[in-house]
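# Summary of the model geometry
Residue-level listing of the chains:
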Amino acid sequence: MTPSRHFALIPAAGVGARIGADCPKQYMPLAGKLMLVHVLDTFASCAAIDHTYVVVSKEDGYIDEALAGAKHLADRVTVIHKGGATRHQSVLNGLQAMRGTAGDEDWVLVHDAARPGLTGELIEKLIAAISDDPVGGLLALPVVDTLKRSDAEGRAEATVPRDRLWAAQTPQMFRYALLRSALEKASEVTDEASAIEALGLKPKLVEGSPRNFKITLPHDVALAEMHLKGKP
Ligand code: CTP
Ligand code: MG
C-alpha cells in the first residue's frame, strides 16, 4: 500500500466583511507580503505537504496577480475557482475538485487563508500527532479566560466552567473520503471538526499557538504584523 499523502486545502473565497478593507482580507499586505501568500509559502516550504489547493471565488480578480508575484509557488499550488456562499461550501467544492487526485485515505489539512501566523513547526506537530489516528484532528487552544454567559441585556448571568474547553483553530486534518462525506452530510458548519463530530466521531485536539489566530477585525492587523515580522 502506498503511504498516505498530505494535501493542504485553503478556503480563500470570503469577502472579509468584518474587516472592511478595500479588497478581500486574504489579499491585504502584511509585513511585506499578501496574507494569502504568507499561508501558501508556509505550506509550500513544509516538506510533509505534497501539494496545496486554494479555493477562490469565481469572480476573484486578485489571485492571478498574487501568484504572478510569487513564481516559486507555481508548481506547489493549484487554484480552484469555485468558492461557495459559505466557508463550508467552499471547502466542499475544493474537495470535490480534488477528486481523482486525492485518494480516499490521503490526509487533507484545511486551513483558513485568514490565519497567516501558522508555522511549518505547527503543521509538523499536527501531522505527527494525527498520522496514526483513526479519526483525525485539529489545532486548538485551551481556553484560559473565565467565561461568562450574558443575558439579553449584556449582563453576566452565569460563569461557564472552562475546564476541557478549547478554541478551535486550523489546520483541521482528516482523511479525504471521511471529510468529504462528513461535509456532504452536515448542515451548515463553521469548521470541519463539527461535521466529523456530527458523525459521532471525536477529532483529536492538538495544542496550537496564539500566533495562529484568525484575522477578523481591523485591530487584528497590527498584532499579525508583529508576529509575521521575522518570519521569512
Ligand atoms: N471563506 C471561504 N468562502 C466563503 C467564506 C469564507 O472560502 N464563502 C474563507 C475565508 O476566505 C477565510 C476563511 O474561510 O479564509 C475563514 O472565514 P472568515 O474569517 O469568516 O473570512 P470572511 O468570510 O472573508 O470574513 P467575514 O466573515 O468578516 O466576511
Ligand atoms: Mg466569514
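Structural data are supplied above this passage.
Below or above, wherever it landed, is the structure these notes cover. (Residues numbered from 1 in each chain as written. Chains lettered and ligands numbered in written order. Predicted model: local features only at pLDDT ≥ 70, side-chain atom pairs only at ≥ 80, totals over all residues. Heavy atoms only, no water.)

### Details of the nonpolar core
As a reminder of what qualifies: Nonpolar cores were defined as sets of buried Ala, Val, Leu, Ile, Met, Phe, Trp, Tyr and Cys residues, with membership established by side-chain atoms within 4.5 Å. Only protein chains enter the calculation, and the probe is 1.4 Å; a residue is then buried if its accessible area is under 20% of its type maximum, exposed if over 50%, and partly exposed in between. Numbering of helices and strands starts at the N terminus; helices are DSSP runs of H or I of at least 4 residues and strands are runs of E of at least 2. By definition, residues are in contact when any of their heavy atoms lie within 4.5 Å.
Counting residues in hydrophobic clusters, the biggest one holds 42 residues, and the most contacted among them are Ile10, Leu36, Phe43, Ile49, Val54, Ile123 and Ile215. If you list the elements that add at least two residues to this core, you get β1 (6-11), α1 (35-44), β4 (51-56), α2 (63-68), β6 (107-110), α4 (120-130) and α7 (220-228). Of the residues forming this core, the biggest block, seven residues, is contributed by α1. Those residues in contact with phenylalanine 43, other than ones at most four positions away along the chain, are Ala8, Ile10, Ile49, Thr52, Arg76, His111, Leu118, Ile123 and Pro171. Of all hydrophobic cores here, the second largest spans 25 residues; its members include Tyr53, Val110, Ala186 and Val189.

### Section: helix α3 (residues 87-97)
Those residues of α3 not exposed but buried are His88, Ser90, Val91, Leu92, Asn93, Gly94 and Leu95. Buried positions along α3 lie against β1, β4, β5 (77-81), β6, α5 (176-185) and α6 (192-197).

### Some thoughts on the site of ligand 1
Keep this limit in mind: Nearness here has a simple test: a residue counts as near a molecule or strand if at least one of its heavy atoms is within 4 Å of that partner. Any pair of nitrogen or oxygen atoms within 3.5 Å is treated as a polar contact; in protein, a donor-acceptor pairing is required on top of that, and neighbouring residues in sequence qualify only through side-chain atoms on both sides. Accessibility throughout is a Shrake-Rupley quantity obtained with a 1.4 Å probe, and a residue counts as covered only by protein chains that appear here. Under the scheme applied here, ten amino acids are nonpolar (Ala, Val, Leu, Ile, Met, Phe, Trp, Tyr, Cys and Pro), four are charged (Asp, Glu, Lys and Arg), and all others, including Gly, are polar.
Near ligand 1 you find 18 residues, and of these Pro11, Gly16, Ala17, Ser90 and Lys214 are the closest. Take alanine 12: an N or O atom from its main chain is 3.4 Å from an oxygen atom of ligand 1. Within the side chain of lysine 25, a nitrogen or oxygen atom sits 2.8 Å from an oxygen atom of ligand 1. Coverage of ligand 1 by the protein chains reaches 87% of its 560 Å² of free accessible surface. Within the shell around ligand 1, the residues separate by chemical class into eight nonpolar, five polar and five charged.

### Describing the packing of α3 against α5
Inclusion rule: Geometry is summarised by axes, namely lines fitted to C-alpha atoms with helices restricted to the contacting stretch, and by angles between N-to-C directions that run from 0 to 180 degrees. Orientation categories follow fixed angle ranges, with anything under 35 degrees roughly parallel, anything over 145 roughly antiparallel, 65 to 115 roughly perpendicular, and all other angles oblique. Helix crossings are classified by the rotation of the near helix relative to the far one: an anticlockwise turn of less than a right angle makes the crossing left-handed, while a clockwise turn makes it right-handed.
Relative to each other, α3 and α5 sit at 140 degrees, their axes nearing to 10 Å. Between α3 and α5, the angle falls in the class oblique. Considering how the two elements wind past one another, α3 and α5 form a crossing that is left-handed. Side by side, α3 and α5 meet where His88, Val91, Leu92, Leu95 and Gln96 of the first sit next to Tyr176, Leu179, Arg180, Leu183 and Glu184 of the second. Grouping the constituent residues of the contact of α3 with α5 by class yields six nonpolar, two polar and two charged.

### Quick notes on the packing of aromatic side chains
Test applied: Note on ring pairs: Phe, Tyr and Trp rings are taken, using the six-membered ring of Trp, and paired if centres are within 6.5 Å. Classes follow the plane angle, with under 30 degrees stacked, over 60 edge-to-face and the rest tilted.
Going through the model one piece at a time under the given rule, you end up with two aromatic pairs. Summarising the aromatic geometry, the rings of phenylalanine 7 and tyrosine 53 are spaced 6.0 Å apart at their centres and angled 65 degrees between planes, so their arrangement reads as edge-to-face. Separated by 46 residues along the polypeptide, phenylalanine 7 in strand β1 and tyrosine 53 in strand β4 bring together distant segments of the chain. In this structure, phenylalanine 7 and tyrosine 53 share a single accessibility class: buried. Aromatic pair tyrosine 27 and tyrosine 62: ring centres 5.1 Å apart, planes at 20 degrees, arrangement stacked. Of this pair, tyrosine 27 sits in the loop between β1 and β2 (29-30) while tyrosine 62 sits in the loop between β4 and α2, placing them 35 residues apart in sequence. When its relative accessible area of 4% is taken as the criterion, tyrosine 27 is described as buried. Given a relative accessible area of 35%, tyrosine 62 falls into the partly exposed group.

Don't take any of this as a statement about function, it's just geometry.
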